[in-house]
Protein chains: 2
Amino acid sequence: MKIVIDAMGGDNAPDEIVKGAALAKKELLASMILVGDEEVIRKSAEKQDISLSGITVCHAPDVITMEDSPLSIRDKSDSSMRIAFKMLKEGQADAFVGAGNTGAMHVGSTLFVHRIKGVDRSAIATIMPLERPTLLIDSGANVQVTPNFLYQFAVMGSIYMSRIYNLENPRVGLLNNGTEEKKGTQLQIDTYKLLSDSENINFVGNIEGKDIPFSKCDVLVCDGFTGNIALKTIEGMSSFILRKIKGVLSDSISGKAAGLLCGAKLKAMKRNFDASEHGGAPFLGISKPVIKAHGSSDAVAIKNAVRQAIAYYNMNIIKDIADIFADNQKKIIQ
Amino acid sequence: MKIVIDAMGGDNAPDEIVKGAALAKKELLASMILVGDEEVIRKSAEKQDISLSGITVCHAPDVITMEDSPLSIRDKSDSSMRIAFKMLKEGQADAFVGAGNTGAMHVGSTLFVHRIKGVDRSAIATIMPLERPTLLIDSGANVQVTPNFLYQFAVMGSIYMSRIYNLENPRVGLLNNGTEEKKGTQLQIDTYKLLSDSENINFVGNIEGKDIPFSKCDVLVCDGFTGNIALKTIEGMSSFILRKIKGVLSDSISGKAAGLLCGAKLKAMKRNFDASEHGGAPFLGISKPVIKAHGSSDAVAIKNAVRQAIAYYNMNIIKDIADIFADNQKKIIQ
């Protein structure tokens, strides 16, 4: 299969993206296409002593920046992201991996690749590497949602987790400010009812922030605003506490000795929390594989996002979602 | 000063509340009133070998449970929480500390003690013990807000932090899903403009979840739904990571040795993250001191919430808020 990567997207573009593409080609034996300013890409490869042989470089003169509006994808027709979408749409690539502007990727995937029939909104589905992998959907695409959107996220997330982690009946939770049925805003109250009444999913109730790490559900449903706050708070707390521990293990002789004794294990634990080790996040509901890599992705994160794209493609998850939405139109679209 | 405590509120009532009241009386020399089922309170004290001499016990036959609706405070006129509010209102107590149903405390403080003139909604103001103390307002009282409510939270939070931590010009941030001006839902976009335009506060812009621990602001403003998710996610991640570290320090001989070398420091770090060490959270905007202690408060947490109540009372923060809202009616009530 062929994977197109936006070489200009993300905080560490183009160097880490170019390096990540080369890593992915070598380790995953995937066929890679890098889209972006050709001269910049070739210079980056040369500087890093990376061979681009076997990697197609496709020139795109323009770039969508992190500051650009999501709608810029409509206007910047020569941007690397837009051209990557075009290649995916026209079948020159089987999957698209990008670490750039999330909003533009969301709009672009809907405008140029289209949603699966019956899906009202696509959502970013991010695996949180906690007690057990938990899928957060939506982790940032839709700041405004309806109960029915959330219901559809629950259905798509359940299919995804059942395929990727071979779970029989993934537990769906609703992120809320309490466990009781009537907690939250009207959105959560109405969604609770919709999810409870559904036979398509295994709804286990409301999940509070304090329970996110402890695997009370496999699919955690919320709007993209709340999802972003939760995901980034998790990220911030991991990095904050691990930094504090590093301080304890370096500020005295006994601390340093302790570091020698358990440093390797703590590092392994840190790696386990690292979202980049677990690949990118697909836009579930889009008719072809579009994978969002973290904005701060390094080469390893890009490689892992490519691995995610391959798994997502090979497991036919998109077809499974399409089949269920086609079969259950009445049930799912309430 | 006299402090009334709801002996029946919280997950560990009445034992830890009774013990906490005794601790507070001894260490803080405050005059304490315990409200609740008198027989239950006296038996709890006896069982724990705690002397109630010098502590007033006020009988209340009924209880508001965690499952009760916030409006139950209106109907349950013999409940411990309702009687505590009555004592505060009528001047038999100077401050009220409770670890019970948050919604009922919010409604009760508004119905029976009333808001400060000019304040549209009161909010729970919780100190997060991170890189530096950061005030999260609203951390759970109002799931639906307007930009003007958030603006008022910013003003009240600034006054609180300037008094409690002696900060000259507290930095106010808006919790959002990105740093750019146009991020978030319409609520955040409109609030950003209102906060930017105000001369009453020192607005430093949007703050993302990943930056919460790193002291980018002193007052972090948000609606109570988002605030609850952020605060509880912080709580969950702290307990999750520290549990993992405990695992590393006990699962092998080298880990145990490392634990001996740095365990005390890690414990001190854990204590530093512990919200209960930092007392309860006042309902800012209410005309008398109402302090919400964490639902899972133990005796030490109750004692610290009493300490918080004393500081809040002695520093005349309520009067300062009332003066500013009276002076700046036009400016503040847009």
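In this text the structure is predicted, and so the values were computed from the model without any measurement.

Undergrad: Please clarify how the domain arrangement of chain A should be interpreted in this entry.
TA: The accessible area lost on association of the parts is a frequent measure of interface size. Residue and element names in this part refer to chain A. Each assigned domain of chain A is listed with its residue range as follows: domain 1 (1–119 + 285–316) and domain 2 (124–275). Residue-level contacts link 10 residues of domain 1 with 9 residues of domain 2. Buried surface at the junction of domain 1 and domain 2, summed over both partners, amounts to about 820 Å²; 64% is from carbon and sulfur atoms. Where domain 1 meets domain 2, there are 0 salt bridges. Across the domain 1-domain 2 interface, the total number found is 3 residue pairs in polar contact (both at pLDDT 80 or more). Residue assignment for the side of domain 1 that touches domain 2 shows that the elements contributing at least two residues are α5 (102–113) and α10 (299–314). Top contributing element to the side of domain 1 that touches domain 2 by residue count: α10, with 3 residues. Taken together, the residues that form the side of domain 1 that touches domain 2 break down as 4 nonpolar, 6 polar and no charged.

Undergrad: Explain the interface of chain B and chain A to me, please; I cannot follow it from the model alone.
TA: Taken together, the contact pairs 51 residues of chain B with 50 residues of chain A. Together, the buried faces of chain B and chain A total about 4500 Å²; carbon and sulfur atoms form 74% of this surface. Taken as a group, F225, M237 and F240 of chain B account for 14% of the area that chain B buries against chain A, more than any other trio of residues on that side. At the junction of chain B with chain A, the criterion picks out 4 salt bridges. Between E208 of chain A and K232 of chain B there is a salt bridge whose closest N-O contact spans 2.3 Å. Mapped by element, the contributors of at least two residues to the side of chain B that touches chain A are α7 (186–197), α8 (224–248) and α9 (253–273) of chain B. When residues of the side of chain B that touches chain A are assigned to their parent elements, the largest contribution, 20 residues, is made by α8 of chain B. Here the residues of the side of chain B that touches chain A sort into 25 nonpolar, 16 polar and 10 charged.

Undergrad: Teacher, can you tell me more about helix α1 (residues 15–28) of chain B here?
TA: The periodicity of an α-helix, 3.6 residues per turn, causes residues three or four places apart in sequence to face the same way. Residue and element names in this part refer to chain B. Given a rise of 1.5 Å per residue, 14 residues ought to cover 20 Å, and the 19 Å separating the end C-alpha atoms of α1 matches this to within 8%. When we look at burial in α1, the residues that qualify are I17, V18, G20, A21, A22 and A24. Check the buried side of α1 and you find it contacts β1 (2–6), β2 (31–36), α2 (38–47) and α10 (299–314). Positioned one or two residues after α1, L29 has a phi angle of 55 degrees, which is positive.

Undergrad: Please clarify how the side chain of Q188 of chain B should be interpreted in this entry.
TA: Within the secondary structure, Q188 of chain B sits in helix α7. Excluding anything up to four places from it in sequence, Q188 of chain B contacts F225 of chain A together with L174, L175, N176, K183 and D223 of chain B.

Undergrad: In this structure, what is going on with the relation of the copies chain B and chain A? I would like to understand it.
TA: To go from the first copy of the chain to the second, apply a rotation about an axis and then a shift along the same axis. Structural alignment of chain B on chain A gives an RMSD of 0.0 Å, achieved by rotating through 180 degrees and translating 0.0 Å along the axis. Considering both components of the superposition, the chain copies are consistent with a two-fold axis. If distances are taken from each C-alpha of chain B to the rotation axis, the shortest is found for A258 of chain B, at 2.0 Å. The residues that chain B uses at the interface reappear at the interface of chain A in 98% of cases, marking a shared surface.

Undergrad: So what exactly am I meant to see when it comes to the environment of D320 of chain B here?
TA: Residues and elements named next belong to chain B. Following the sequence through the fold, D320 ends up in helix α11 (residues 317–327). For the pair formed by D320 and P147, sequence separation is 173 residues and the distance between their alpha carbons is 22 Å. Residues in contact with D320, not counting those within four places in the same chain, are I159, R163 and M315.

Undergrad: Looking at this model, I keep getting lost on the pattern of salt bridges. Mind explaining?
TA: Residues and elements named next belong to chain A. Enumeration over the complete set of coordinates arrives at 30 salt bridges over all chains. Here R132 makes a salt bridge to D218, at a shortest N to O gap of 3.7 Å. Of the two residues, R132 sits in the loop between β5 (123–129) and β6 (133–137) while D218 sits in the loop between β8 (202–207) and β9 (219–221), which places them 86 residues apart along the sequence. Residue R132 is classed as partly exposed on the basis of its relative accessible area, which comes to 44%. Taken together, the shared-partner salt bridges in this structure form one network comprising R132, R171 and D218.

Undergrad: Sorry if this is basic, but what is going on with the sheet that holds strand β9 (residues 219–221) of chain B here?
TA: Strand pairing in a sheet relies on backbone hydrogen bonds. The paired strands run either parallel or antiparallel. Residues and elements named next belong to chain B. With mixed pairing, the 11 strands of this open sheet are ordered in space as β3-β2-β1-β4-β11-β10-β5-β6-β9-β7-β8. Two strands lie at the open edges of the sheet, namely β3 (56–59) and β8 (202–207), each paired on one side alone. Going across the sheet, the axis of each strand differs from the next one's by a mean of 30 degrees, ignoring polarity.

Thresholds applied
Residues numbered from 1 in each chain as written. Chains lettered and ligands numbered in written order. Predicted model: local features only at pLDDT ≥ 70, side-chain atom pairs only at ≥ 80, totals over all residues. Heavy atoms only, no water. Domains from an automatic or database assignment. Contact = heavy atoms within 4.5 Å. Buried area = accessible area lost by both parts, 1.4 Å probe. Salt bridge = Lys/Arg side-chain N within 4 Å of Asp/Glu carboxyl O. Polar contact = N/O pair within 3.5 Å; in protein donor to acceptor, adjacent residues only side chain to side chain. Helix = DSSP H or I, 4+ residues; strand = E, 2+ residues; numbered from the N terminus. Nonpolar A, V, L, I, M, F, W, Y, C, P; charged D, E, K, R; others polar. Expected span 1.5 Å × (residues − 1). Buried < 20%, exposed > 50% of the residue type's maximum accessible area, 1.4 Å probe, protein only. Least-squares fit on C-alpha atoms with pLDDT ≥ 70 in both. Pairing = 2+ DSSP bridges. Axes fitted to C-alpha atoms, helices over the stretch in contact; angles between N-to-C directions.

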